[in-house]
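# Analysis of the macromolecular model
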Amino acid sequence: MRTHLCGDLRSSDIGKEVSVCGWVGRRREHGEHLAFVDLRDHSGLLQCVINNNVDVRSEFVVRITGVVRARPDGTVNNSLPTGEIEIGDCEVEILRRADPPPFSIDDRANDVDENVRLQYRYLDLRRSRMQRNLRVRAKVNSAVRTAMERQGFVEVETPMLVPSTPEGAREFLVPSRKSPGEFYALPQSPQLFKQLLMVGGTDRYYQIARCLRDEDLRADRQYEFMQLDMEMSFVTQDDVLNAVGEAVLSAAEAVLGERPPEIERITWHDAMNRFGVDKPDLRFGMELMDLTEVFVSTEFKAFAGAESIKGILVEGAASEFGRNQLDKLTERAKGIGAKGLVWLKVTEGGFESPVAKFLSEAEAQMVRDQMHASVGDLILVVADEWATTCEVLGTLRNDLGRPPVHEGPYRYVWVVEFPLFVGVDPTTGNPRPGHHPFTRPHPDDVDRIESDPLSVRSIAYDLVLNGWELGSGSIRIHEPELQRRVFAALGITEEEADNKFGFFLRPFDYGAPPHGGFAFGLDRLTAILAGEDNIREVIAYPKTQSGADPMTKSPLPVDATVLSDLGIRVLPQAD
RNA sequence: GGUCCCGUGGUGAAGUUGGAGUUCACGCCGGCCUGUCAAGCCGGAGGUCGCGGGUUCGAGUCCCGUCGGGACCGCCA
């Protein structure tokens, strides 16, 4: 039907007779014998000059045949890639009339209520922003797939109807028709199947996998999302990180045209110590500075004997923060678990602060030195257990300094050596797994699984970009003895382990190779590379925060006979 | 489960101390217009102020509830 795409035509095409198809964007009429129509397809806008009286309205679908010509002097539009030319002698064929759209199919729709955009997603998708985002997404998928193929990974599809497992995220359940009362689950991830692919000798597996989790939605979380899922046999952590890094950097290069530098690494402990979070945003400073030594023999009761005292420096912020805002910061700190928050405004004479009188001259001087503080800066200090101090200041640091996630520069970082166990279950007194119970302990720490479990590091790692967790992975345990020791530390008896994980672990007895893997979220990576701070903008048909789709109105009730076939009866809503 | 913000013609907004559905921009419909480009000019249509209750002589505005949307916490081994 067409010879060219609207956005592709240039001065070099002048003189050609062309046919273009698309939607009518803006139309500017100048009486009966002259009208300008901006024709739109996914490639861009093209001005068509119509000299006969044709009634075309917004979003009519048309085919226009005419001749490419240079625009007259003084009428070139430099803000349009096709702005030097136009189509003249137009013959217009209306392929489909259209009702006026509920919102403009251009950048003005960025301000439209997202619920309206989602209700008319097919119109929203016509816009250049959404077309661009869909294409960024396709580029990411393609680059990732190519990179994995290049490295010898084999794409294997794993099932969507899987057994329900009690661990991890809440699952979506699918009732079985043939076995009423029994259920499949939709996979939270292909974890089980990919590890058994290693037992099955696949060696290097990958999949662009759809994962489903029935947990509350956020800007970076949907019920269903895509992961680059991978697993490799006979490898070290470095092998996995290199393979994944190759895929991620290739995707970034495909979208941005430039390959990012090698991904740096930081240990979990350093990330917590310096940034107070396990997904540090390296784009800005405001690092946590240790002040514990400064106050070893302090008279100030709130600091005396604290396990960890740290501060962050908010440059030049002393005058911006009034008492009201400082009180809010204090409330925020308490909400995260701090006993309190000490603020110090740096002045010529010393500190302006409610606690200034409790600090010795020497302590004040050391704080200023340690924090590299200047007059006009604001210092926020927390004294508590190490984890609490880090977490509170890390949260305040993000609150006060973190730019929108999509803003450059892109800072990728591997966070390595996550602890094997995190915290203690308050009811059982057993440590809780940090990643999952099949995560391999760090070889240097294996001896302490029984004696000091909370100090044991694991070979587990996260990939972080601009403060967003892109994904995580680990080297797995493939030997039964080590697995037994970790289960024992978790308080899982052999019988329980067999009941809960036997279906997964028994196959290992037939010869599981050493293996490890990773999975990272393609929606999150795509959003950041596309310059969006919400993954809904890079998903064609996303759901709202309540899990609904305004376009299809799902979820919806189903007919009673359908439920009956499945052996399901719906109970009235409990109050 | 929790905290906070939002809801006014198709879209985006303004709406003062509680005083008539008032206003602005875009869009839509009609007219004029031969070089515009988010065209210009003239005219017109279009609203159960999310919904329900309450206070009041009187509610878009105040109060309570509820629904919908968003950000975040919990949750996401």
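Presented here is a report on the structure given in the accompanying data block. (Residues numbered from 1 in each chain as written. Chains lettered and ligands numbered in written order. Predicted model: local features only at pLDDT ≥ 70, side-chain atom pairs only at ≥ 80, totals over all residues. Heavy atoms only, no water.)

Let's shift gears to the environment of Leu212. Looking at where Leu212 falls in the secondary structure, it is placed in strand S9 (residues 204-212). What makes Leu212 buried here is its relative accessible area of 8%. Each C-alpha atom of the pair Leu212 and Pro437 lies 21 Å from the other, and the pair is 225 residues apart in sequence. When neighbours within four sequence positions are excluded, Leu212 is seen to be in contact with Met160, Phe172, Leu186, Pro187, Gln188, Tyr223, Glu224 and Phe225. (Helix = DSSP H or I, 4+ residues; strand = E, 2+ residues; numbered from the N terminus. Buried < 20%, exposed > 50% of the residue type's maximum accessible area, 1.4 Å probe, protein only. Contact = heavy atoms within 4.5 Å.)

What follows deals with the pattern of salt bridges. Applying the stated criterion across every chain yields a total of 45 salt bridges. A salt bridge links Arg121 to Asp124; its shortest N-O distance comes to 2.6 Å. Residue Arg121 and its partner Asp124 are located together in helix H2 (residues 121-124), separated by 3 residues, close to a single helical turn. Taking the relative accessible area as the measure of exposure, Arg121 reaches 2% and is therefore buried. Residues joined in a network through salt bridges with shared partners are Arg117, Arg121, Asp124, Arg127, Arg129, Glu532 and Glu537. (Salt bridge = Lys/Arg side-chain N within 4 Å of Asp/Glu carboxyl O.)

Our focus in this paragraph is the sheet that holds strand S10 (residues 224-233). Taken in spatial order, the 8 strands make up an open sheet running S6-S9-S10-S22-S21-S20-S17-S11, and their pairing is mixed. The sheet is open, and its two edges are formed by strand S6 (154-155) and strand S11 (264-267), each paired on a single side. With 7 bridges joining them, S10 and strand S22 (residues 515-521) adopt antiparallel strand pairing. When the bridges of S22 are listed, Glu231 appears paired with Gly517. Where helix H3 (residues 128-150) meets the sheet, its contacts fall on S6, S9, S10 and S22, and the angle it forms with S9 comes to roughly 150°. This element, helix H6 (residues 268-275), spans S11 and strand S17 (412-416) of the sheet and lies at about 85° to S11. (Pairing = 2+ DSSP bridges. Axes fitted to C-alpha atoms, helices over the stretch in contact; angles between N-to-C directions.)

What follows deals with helix H8 (residues 361-371). An α-helix turns once every 3.6 residues. As a result, residues three or four positions apart point the same way. Those residues of H8 not exposed but buried are Glu363, Ala364, Val367, Arg368 and Met371. Seen from one end, H8 has its buried residues packed into an arc of 135°, which puts them on one side. Backbone geometry just downstream of H8 places His372 in the positive-phi region, at approximately 50°. (Arc of directions from axis to C-beta.)

Right, let's get into unusual backbone geometry. Note: most residues except glycine have negative phi, and most peptide bonds are trans. Following Gly408, the chain continues into Pro409 via a peptide bond in cis, with omega recorded as -5°. Mapping Pro409 onto the fold places it in the loop between helix H9 (386-401) and S17. Of note, the bond from Ser554 into Pro555 is cis; its omega dihedral lies within 30 degrees of zero at 5°. Following the sequence through the fold, Pro555 ends up in the loop between helix H12 (522-529) and helix H13 (560-565). At Phe234, a residue that is not glycine, the phi angle is positive and equals roughly 55°. Residue placement: Phe234 occurs in the loop between S10 and helix H5 (237-256).

On to the packing of aromatic side chains, then. Counting across every chain of the model gives 13 aromatic pairs. Summarising the aromatic geometry, the rings of Phe172 and Tyr223 are spaced 5.0 Å apart at their centres and angled 80° between planes, so their arrangement reads as edge-to-face. Of this pair, Phe172 sits in the loop between S6 and strand S7 (173-175) while Tyr223 is found in the loop between S9 and S10, placing the two residues 51 residues apart along the sequence. Overall, the relative accessible area of 22% leaves Phe172 in the partly exposed class. Its relative accessible area of 19% is what places Tyr223 among the buried residues. Here the aromatic rings of Phe300 and Phe303 are separated by 4.7 Å at their centres, their planes lie at 65°, and the arrangement is edge-to-face. Exposure class is identical for Phe300 and Phe303. Each is buried. By the ring-pair criterion, three or more aromatic residues cluster together here, those being Phe438, Phe487, Phe501, Phe504 and Phe508. A cation over an aromatic ring shows up here: Arg368 above the ring of Phe351, its NZ or CZ 5.5 Å from the ring centre. Of note, Arg397 hangs over the ring of Phe284, and the distance from its end group to the ring centre comes to 3.8 Å. (Phe/Tyr/Trp six-rings, centres within 6.5 Å; stacked < 30°, edge-to-face > 60°. Lys NZ or Arg CZ within 6 Å of the ring centre and 35° of its normal.)

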